[in-house]
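Results of the structural survey
Chain residues, written in single-letter form:
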Amino acid sequence: MNLTVKELHDQRKKLWNASIASHEKYINPENGLFQTQFLENRNCPVCSQGEYIALFAKEGGQYVKCVSCSMVYVNPVFTDQALNDYYDKNHSVQAELVEDGDPFYEKLYNKGLDSIEKYSSKGNILDIGCSSGIFLDIARERTWKTWGVELNVQEYSMACKRGHHVYNQLLEKIKFETRFNAITLWDVFEHIKDGAFYLNMMKKMLFEKGVIFLQIPSSDSLAARILQEKCNMFDGLEHVNLYGVNTIKQLADKCGLKILDIQTVISEIGVINNYLNYEDPYLGSIDNKINIPGLIDEAQLNERLMGYKLQVVLGEMK
Ligand SMILES: [Zn+2]
């Protein structure tokens, strides 16, 4: 399958609309925000300070920016109970999007593995939120031994059928029979409210010199900064923590981890370009061919770590 950019964005739009429709029952129609019974206030998930500036509301949720460390996060946020209920009732549709042999994802997965393999020997790899196991397939082709965790039952059984060791339980409840050389989270970590808790837990599951790999949307990306509330990174509910280059480093420090490698992927220049041409950023117009010339260069964007997603490799501070 080789999707055109237009088809890819059409598909994403469909998924986006389905996800946003599921917010509706939690929203107070009077102010367009989530009803307070589902919410709790919190301090900054990176530096624990309580002072913030409000950025914007999006699809029911309020984004704020920490005055002290500049972390962008949802506040107030869904309580754990409300969040579990939401995920139980709203089947994740990511597996429908990431299909076998999709070169867009294969390239990202291989790029991530390239960075991991610079710092870790190939051995046991655990993918948290492994969906149907496509990433694990690629890792196995590169001779890794593969484990996965997936809460969605359908995706879990798909990953099992592909022959990976997969668990259908919360990470904190699993007793693994081994430790890992690498633990990966692809587009998962931004969903986790208490990132420090998870990093500390994963650290204990590593062999010596093991690494943790995160792919996360970046609040420092040019796309997020230009599009702001129009950017799909901000969904108001699921993406509770939006790290940037400095805030992910600060969180890692707090957990005794250091950044071994950091890069950005996905320029979103097409999306930015649509927006700068007064089009819908994600759909645009098929005949919108006018580039904003010379201002945005993909290589420069990634050199400055301003691509849409961060790929980070973390190792223990010694
Ligand atoms: Zn902070």
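Residues numbered from 1 in each chain as written. Predicted model: local features only at pLDDT ≥ 70, side-chain atom pairs only at ≥ 80, totals over all residues. Heavy atoms only, no water.

**Digging into the overall build of the protein**
Helix and strand counts for the protein come out as 11 helices and 15 strands. Radius of gyration (C-alpha) of the protein: 19 Å, near the 20 Å computed for a compact globule of 318 residues. Taking the principal axes of the C-alpha coordinates as reference, the protein spans close to 50 × 45 × 40 Å. Within the protein, buried positions represent 52% of all 318 residues. Accessible surface, the protein as shown: approximately 15300 Å² in total, 50% of it carbon and sulfur. Of the side-chain charges in the protein, 34 are positive and 42 negative, and the distance between the mean point of each set is 6 Å. (Helix = DSSP H or I, 4+ residues; strand = E, 2+ residues; numbered from the N terminus. Rg over C-alpha atoms; globule rule 2.2 N^0.38 Å. Buried < 20%, exposed > 50% of the residue type's maximum accessible area, 1.4 Å probe, protein only. Areas by Shrake-Rupley, 256 points an atom, 1.4 Å probe, with all protein chains shown as cover. Lys, Arg positive; Asp, Glu negative; His and termini not counted. Charge placed at Lys NZ, Arg CZ, Asp CG, Glu CD.)

**Details of the packing of helix α7 (residues 195-203) against helix α9 (residues 245-254)**
Viewed as axis vectors pointing N to C, α7 and α9 meet at an angle of 55°, and their least axial separation amounts to 9 Å. Between α7 and α9, the angle is such that the two are oblique. Relative to α9, the crossing made by α7 is right-handed. When α7 is examined against α9, the residues Gly195, Ala196 and Leu199 are found in contact with a partner set consisting of Leu251, Ala252 and Lys254. (Axes fitted to C-alpha atoms, helices over the stretch in contact; angles between N-to-C directions. Parallel < 35°, antiparallel > 145°, perpendicular 65-115°, else oblique. Left-handed = near helix turned anticlockwise from the far one by under 90°. Contact = heavy atoms within 4.5 Å.)

**Topic: the pattern of salt bridges**
The tally for this structure, following the rule as stated, stands at 10 salt bridges. Among the ionic pairs, lysine 193 bridges to aspartate 80, the shortest N-O distance being 2.8 Å. In this pair, lysine 193 sits in the loop between β11 (180-186) and α7 while aspartate 80 sits in helix α2 (residues 80-89), placing the two residues 113 residues apart along the sequence. As a salt-bridge pair, glutamate 117 and arginine 142 come within 2.9 Å of each other at their nearest N and O atoms. Here arginine 142 lies in the loop between α5 (134-141) and β9 (145-149) and glutamate 117 lies in helix α4 (residues 103-119), a separation of 25 residues in the sequence. (Salt bridge = Lys/Arg side-chain N within 4 Å of Asp/Glu carboxyl O.)

**Description of the coordination of the zinc ion**
Those donors, Cys44 (SG), Cys47 (SG), Cys66 (SG) and Cys69 (SG), are the protein atoms that reach the zinc ion, and they lie 2.3 Å from it. Written as a sequence motif, the donor residues of the zinc ion are C-x2-C-x18-C-x2-C. Accessibility expressed as a relative area gives 9% for cysteine 69, which makes it buried. (Donors = N, O, S within 2.8 Å, 3.2 Å for Na, K, Ca; no water.)

**Things to note about α7**
Of all the positions in α7, only Gly195, Ala196, Tyr198, Leu199, Met201 and Met202 are classed as buried. Buried residues belonging to α7 abut β8 (124-128), β11, β12 (206-217), α9, β14 (257-265) and β15 (309-316).

**Focus on the sheet that holds β8**
Read from one edge to the other, the open sheet built from 7 strands follows the order β10-β9-β8-β11-β12-β15-β14, with strand pairing classed as mixed. The open sheet has two free edges, formed respectively by β10 (165-167) and β14, since each of these has just one partner strand. Geometrically, the sheet is characterised by an average inter-axis angle of 15° between neighbouring strands, direction not taken into account. With 8 bridges joining them, β14 and β15 adopt antiparallel strand pairing. Paired with isoleucine 262 across the strands is valine 312, a residue of β15. On the sheet, α4 packs against β8, β11, β12, β14 and β15 and is oriented at approximately 150° with respect to β14. Sheet strands touched by α9: β12, β14 and β15. Its angle to β14, the strand with the most contacts, is close to 155°. (Pairing = 2+ DSSP bridges.)

**Some details on the sheet that holds strand β4 (residues 52-58)**
Taken in spatial order, the 4 strands of this open sheet run β4-β5-β6-β13, and their pairing is antiparallel. The outermost strands of the open sheet, each flanked by one partner alone, are β4 and β13 (241-242). With 6 bridges connecting them, β4 and strand β5 (residues 61-66) associate as antiparallel partners. Pairing of alanine 57 across the sheet is with glutamine 62, part of β5.

**Remarks on the packing of α4 against α5**
Two quantities define a packed helix pair, namely the angle between the helix axes and the distance between the axes. With their axes 10 Å apart at the nearest point, α4 and α5 run at an angle of 50° to one another. The pairing of α4 with α5 is recorded here as oblique in orientation. Pair α4 / α5 crosses with right-handed handedness. Counting all contacts with α4, which are made through Glu106, Tyr109, Asn110 and Leu113, the residues of α5 involved are Ile134, Phe135, Ile138 and Ala139. The residue inventory of the contact of α4 with α5, partitioned by class, reads 6 nonpolar, 1 polar and 1 charged. (Nonpolar A, V, L, I, M, F, W, Y, C, P; charged D, E, K, R; others polar.)

**Observations regarding the packing of aromatic side chains**
Across all of its chains, the model carries 20 aromatic pairs by this definition. Residues tyrosine 105 and tyrosine 109 carry aromatic rings whose centres are separated by 6.4 Å and whose planes lie at 40° to one another, so their mutual orientation is tilted. Of the two residues, tyrosine 105 and tyrosine 109 both sit in helix α4, 4 residues apart, roughly one turn of that helix. Tyrosine 109 matches tyrosine 105 in its accessibility class, with the two residues each being buried. Ring geometry for phenylalanine 176 versus phenylalanine 180: centroids 5.2 Å apart, planes at 90°, classification edge-to-face. Pair check on accessibility: phenylalanine 176 and phenylalanine 180 agree, each one buried. Of the aromatic side chains, those joined through ring pairs into one cluster are Tyr26, Phe34, Phe38, Phe78, Tyr86 and Tyr87. (Phe/Tyr/Trp six-rings, centres within 6.5 Å; stacked < 30°, edge-to-face > 60°.)

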